[in-house]
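Architecture at a glance
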Amino acid sequence: MVHTDLTIAVMLMGIVYRTQAVPTDSERCQGCTQKNAIGVMGFLDDCSKYVYCAIDTKGVVHGAVRPCAFGMNWNLDILSCVLPSNSTCVTTKDICNEKSDGIRRPGVGNCRGYLECKNGESVALCCPIDYYFNGMTDNCESNNGDHECNDKCFKEITKTVEDKTTAPSSCYNKRPMTGVLNVYEESVKGKGWIQRRCPNGLLYQQKDCDCTLRVVVQRKCEPDLFLSFENGVNGQSPVVNYIKSKNVKVIDGKAIFKAEKGSQLVIQRYKNFCMTSLTINLKYFSDHKRLPQSQAIISNSDCGIAPSIVLTEDSAYVYFTVATELGERTLAVHQPSHTNDKNLELTYHNGILSGTVNKLKKTLKINGSGINKIPCALHVGSAQGYSGLNFTGVIDELSLSLCV
C-alpha cells in the first residue's frame with residue numbers, strides 16, 4: 001500500500017478506510033466557532049463521536065474526542081447526541097460508507113451493542129438478552145463465567161411480576177419462596193430443601209421451573225438539563241448542553257445573578273424544541289418583598305417573538321406561563337411569607353399546567369397539543385424585556401426534564 005503525506009490507511013475491526021493523518025488537539029478544532037471559550041464540531045468519519053473544543057487561559061485551543069451513547073449520533077444543529085434518524089451527520093462521513101454490508105464493530109458503552117454496515121451506514125443493533133458482543137469474533141455469544149452482560153438495549157421494558165403461579169406437577173424439585181421473587185428452594189438429595197438465588201435481573205418462574213423472567217426497572221423521568229453549579233455552569237446530565245454565561249458568578253456551588261449587570265445563562269439547545277411534556281425544578285433565593293416590579297427567572301424569549309415558556313416573580317406571586325397554539329395561560333402562586341428560599345416546580349403534561357412554590361401548588365387546564373415550538377434560546381435570569389427586570393438572586397440548583 002502506498003502512503004501519501006496526507007493520508008494513512010486505518011484498520012478498525014475489519015474495516016479499512018482512508019482519512020487524514022491523525023490531527024493534533026488544536027487541529028481537530030479548525031473551523032470550530034468557540035462561544036464563551038467552548039465549542040463543538042463533528043468528528044472525522046465517525047457519526048457516533050464529536051469533538052469538544054475549549055480555549056485555555058493562555059489562548060491555546062484543545063480538542064477532546066467524546067463518544068455519544070450507544071446507538072446515538074451527533075446532531076450539530078442542537079449540539080447533542082440523538083437517534084440516527086434525527087442526526088445531521090451525512091452518509092458520506094459514516095465509517096461504513098462504501099463498505100460491504102455485514103461488517104461489524106463493537107458499540108460503545110453497551111456490552112450487547114454492536115454496529116453493522118448496511119447500505120453504507122452504521123446501524124446500531126443488539127445481541128439477544130443473556131448474550132454479549134464479542135469484538136474478537138464479531139458475533140453474539142452466550143454469557144459465561146468470563147462475561148456477564150446484562151445491559152439493556154434501546155427501550156426494553158418488561159413488567160415486574162408480583163404474583164407467583166401455581167407449581168405444575170412436573171416441577172417436583174423446585175418451589176418458590178413466599179414473598180421473595182428472586183429466590184427459590186431446590187430439593188437436593190441428602191441435603192433437603194436449600195435456598196438458591198436467581199442471577200441478577202431474573203425472577204423465579206414456577207411454570208418454567210427456573211429463573212426465566214427478566215426484570216427491568218421502569219425508567220424514571222431523568223433531567224435533560226441539570227445544573228448544581230458545583231462545577232461552574234457546566235451541566236451534570238447525560239445530555240450535552242452548551243451554556244453561555246453572561247456576568248453570572250459561581251461561588252461555592254451557587255450561581256449569583258445581578259439585574260444591573262444583565263446576568264443570565266443562555267442555552268441554545270432548546271431552540272425549536274417540541275415540548276409535549278415539561279418539568280422545571282429550581283432551588284433559589286431572592287428578596288421578593290423588596291422587588292419594585294416583576295423580574296424574570298426563566299424564559300425562551302430572545303428571537304423577537306412572544307415566548308412560550310416564562311417564569312417570573314414579583315413581591316406577591318410567582319407566575320408560571322406557557323403558550324400553546326391556542327393561546328397563552330398563566331398561573332399565579334403566592335410567594336412564601338416567612339422565607340426568601342424557594343423550591344419552584346413547573347410541570348406541563350396532557351394539557352395540565354401545574355405550578356408549585358415550596359409546598360403551595362396550583363393547576364390549570366390548558367387547551368392545545370403542546371407548548372409552542374419557537375426558534376428562541378432558553379434564558380435563565382432574563383426575559384428580553386417581555387416581563388420586567390433581569391433576575392437578581394442566587395440559584396442553588398436547576399433541572400429541566402422533557403417528561404413528568
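None of these values were measured; they are calculated from a predicted model.

Before going further, it helps to examine the side chain of Asn134. Looking at where Asn134 falls in the secondary structure, it is placed in strand β11 (residues 131–134). Polar contacts involving the side chain of Asn134 include one to the main-chain amide nitrogen of Met136, which spans 2.8 Å. Discounting chain neighbours no more than four positions away, the residues touching Asn134 are Asn139 and Glu141.

Inspection of the entire model under this criterion finds five disulfides. Linked covalently through their sulfurs, Cys127 and Cys140 form a disulfide whose S-S length is 2.0 Å. For the disulfide bridge between Cys127 and Cys140, the dihedral angle about the S-S bond is near -85°, and by the sign convention the bridge is left-handed. Of the two residues, Cys127 sits in the loop between β10 (121–126) and β11 while Cys140 sits in strand β12 (residues 139–142), which places them 13 residues apart along the sequence. Paired through a disulfide, Cys198 and Cys211 show a sulfur-sulfur distance of 2.0 Å. As the torsion about the S-S bond is roughly -70°, the Cys198-Cys211 disulfide counts as left-handed. With a gap of 13 residues between them, Cys198 in the loop between β15 (192–197) and β16 (202–205) and Cys211 in strand β17 (residues 210–214) connect regions that are remote in the sequence. In terms of burial, Cys198 and Cys211 fall into one category: buried.

Right, let's get into unusual backbone geometry. Phi is positive for Asp252, which is not a glycine, with a value near 50°. Examined against the element boundaries, Asp252 turns out to sit in the loop between β21 (249–251) and β22 (254–257). Residue Asp252 is classed as exposed on the basis of its relative accessible area of 74%. One non-glycine residue, Asn350, lies in the positive phi region at around 50°. Locating Asn350 in the fold gives a position in the loop between β29 (341–349) and β30 (352–357). On the accessibility criterion, Asn350 (58% relative accessible area) is exposed.

Each value, and the rule that gives it
- Residues numbered from 1 in each chain as written.
- Predicted model: local features only at pLDDT ≥ 70, side-chain atom pairs only at ≥ 80, totals over all residues.
- Heavy atoms only, no water.
- Helix = DSSP H or I, 4+ residues; strand = E, 2+ residues; numbered from the N terminus.
- Polar contact = N/O pair within 3.5 Å; in protein donor to acceptor, adjacent residues only side chain to side chain.
- Contact = heavy atoms within 4.5 Å.
- Disulfide = S-S within 2.5 Å.
- Buried < 20%, exposed > 50% of the residue type's maximum accessible area, 1.4 Å probe, protein only.

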